[in-house]
Amino acid sequence: MNGWRALALIAAAALPAARCAPAASVEVDFLIPGVSLESVDFRPGTSVTYLIVSEAHGVRDSSLVTLAVESADSLGVGLRVVSSPHPFDQSESVAVHLTLCPGVRGVLTPDEFYACIGDILVRDGTGPMREPSIEEIEGFDIDRLFLRRREGLQREQRSPETVVVPAGEFSCEVWEYFRSERRPVEMGGIEALRIEEERSILRICPDVPFWGLVSSRVERSSSTAHDGGDRAWSMRPRVTVTESILLEFRTPAD
């Protein structure tokens, strides 16, 4: 799993809280719906490590993802993304080191992000740092780091919770997001209805750097049904669950 896919895992496991919401004029979000780059903490020494647990079709997969800000000055921002199976295995880890332009927090589009990237270096396991190939850079799929605002996304603030994770105990704001989409599809010449739903619960705390994420759970389901009177039928929903759990973090003061 490369560094960009690691970022995509975190994006799949989180949604924003109101404190992270960018200005209304911003139509593209970074990694997580509702979060612009302007709201990300790029102070040097900031780092977060998450356990990402995904379950689909009865199969569970666990990964570790670390995001660390190595430097931030007038020359730019140094960002490191490390991914590995869980438990951590250095030989199977992948580290991506990025140098971003000093104005990265003002980036609003994929094209601007491409222009903002300086150096990209990759380390496979214990190997040396190297420049990625053209094919690898294309495979990073930077466009998916930026998300168009979703229509029909419902947001509700729930009661605060005290959340205990391996990184510690946190007093968290809790936000729930729900989105449902129904669209007609044709299956074997039969008109059917495709139903997709997504429910997310996000727990955040301002004491956690980068974007405040303590834990999250995203459950997605999809099913197809046909209302044909005596021949009505529906397929069993396919459900996938992705959870993120904060394992440890560092702030510039640590």
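Residues numbered from 1 in each chain as written. Predicted model: local features only at pLDDT ≥ 70, side-chain atom pairs only at ≥ 80, totals over all residues. Heavy atoms only, no water.

1. Points about the state of the cysteines
What counts is decided by this rule: Only a pair of cysteine sulfur atoms within 2.5 Å counts as a disulfide in this structure description. The cut-offs for exposure are 20% and 50% of the maximum accessible area for each residue type, with area from a 1.4 Å probe on protein chains only; residues under the lower value are buried, those over the upper are exposed, and the others partly exposed.
With the rule as written, the count across this model stands at 1 disulfide. With no disulfide partner, Cys172 has as its closest neighbouring cysteine sulfur the one in Cys205, 5.4 Å distant. Classification of Cys172 as buried rests on a relative accessible area of 3%.

2. Some details on the packing of aromatic side chains
Cut-off, in case you're wondering: Here a Phe, Tyr or Trp ring, Trp counted by its six-membered ring, pairs with any other such ring whose centre lies within 6.5 Å, and the pair is stacked when the planes are under 30 degrees apart, edge-to-face when over 60, and tilted otherwise. Secondary structure counts use DSSP, requiring at least four H or I residues in a row for a helix and at least two E residues in a row for a strand, with both numbered from the N terminus.
In total, this model carries 3 aromatic pairs according to the counting rule given. A centroid spacing of 6.0 Å and a plane angle of 55° characterise the contact between Phe170 and Phe249, whose relative ring orientation is tilted. With Phe170 in strand S9 (residues 168–187) and Phe249 in strand S13 (residues 238–250), this residue pair connects regions lying 79 residues apart in the sequence. Under the relative-accessibility criterion, Phe170 is labelled buried at 6%. Grouped by ring-pair contacts, the aromatic residues Phe42, Phe210 and Trp211 constitute a single cluster.

3. Remarks on the pairing of strand S4 (residues 76–85)
In plain terms, the rule: Two strands make a pair as long as DSSP finds a minimum of two bridges between them.
Counting buried positions along S4 yields 8 of 10 residues, so the element is predominantly enclosed. As judged from the 10 bridges shared by strand S3 (residues 59–73) and S4, these two strands associate in the antiparallel manner. Looking at S4, one finds that Leu67 is bridged to Val81. Taken together, S3 and the strand that follows it, S4, pair antiparallel across an intervening segment of 2 residues. Pairing of S4 with strand S5 (residues 94–100), which is carried by 7 bridges, proceeds in the antiparallel orientation. By the bridge assignment for S5, Val82 is matched with Ala95.

4. Details of the nonpolar core
Test applied: Residue types Ala, Val, Leu, Ile, Met, Phe, Trp, Tyr and Cys, when buried and joined through side-chain atoms within 4.5 Å, form a set referred to as a nonpolar core. The contact criterion used is simple: two residues touch if any of their non-hydrogen atoms lie within 4.5 Å.
Tyr50, Leu100, Val104, Phe170, Val208, Phe210 and Val214 are the most contacted members of the largest nonpolar core, which totals 36 residues. With 4 residues, S5 is the largest single contributor of residues to this core. Not counting residues up to four positions away in its chain, the partners in contact with Phe210 are Ser39, Val40, Asp41, Thr46, Val48, Leu67, Val69 and Leu79.

5. Structural notes on unusual backbone geometry
For the bond running from His86 to Pro87, omega is 0°, close enough to zero to count as cis. Along the chain, Pro87 falls in the loop between S4 and S5. Positive phi is not limited to glycine here, since His57 has a value of about 55°. Relative to the assigned elements, His57 resides in the loop between strand S2 (47–56) and S3.

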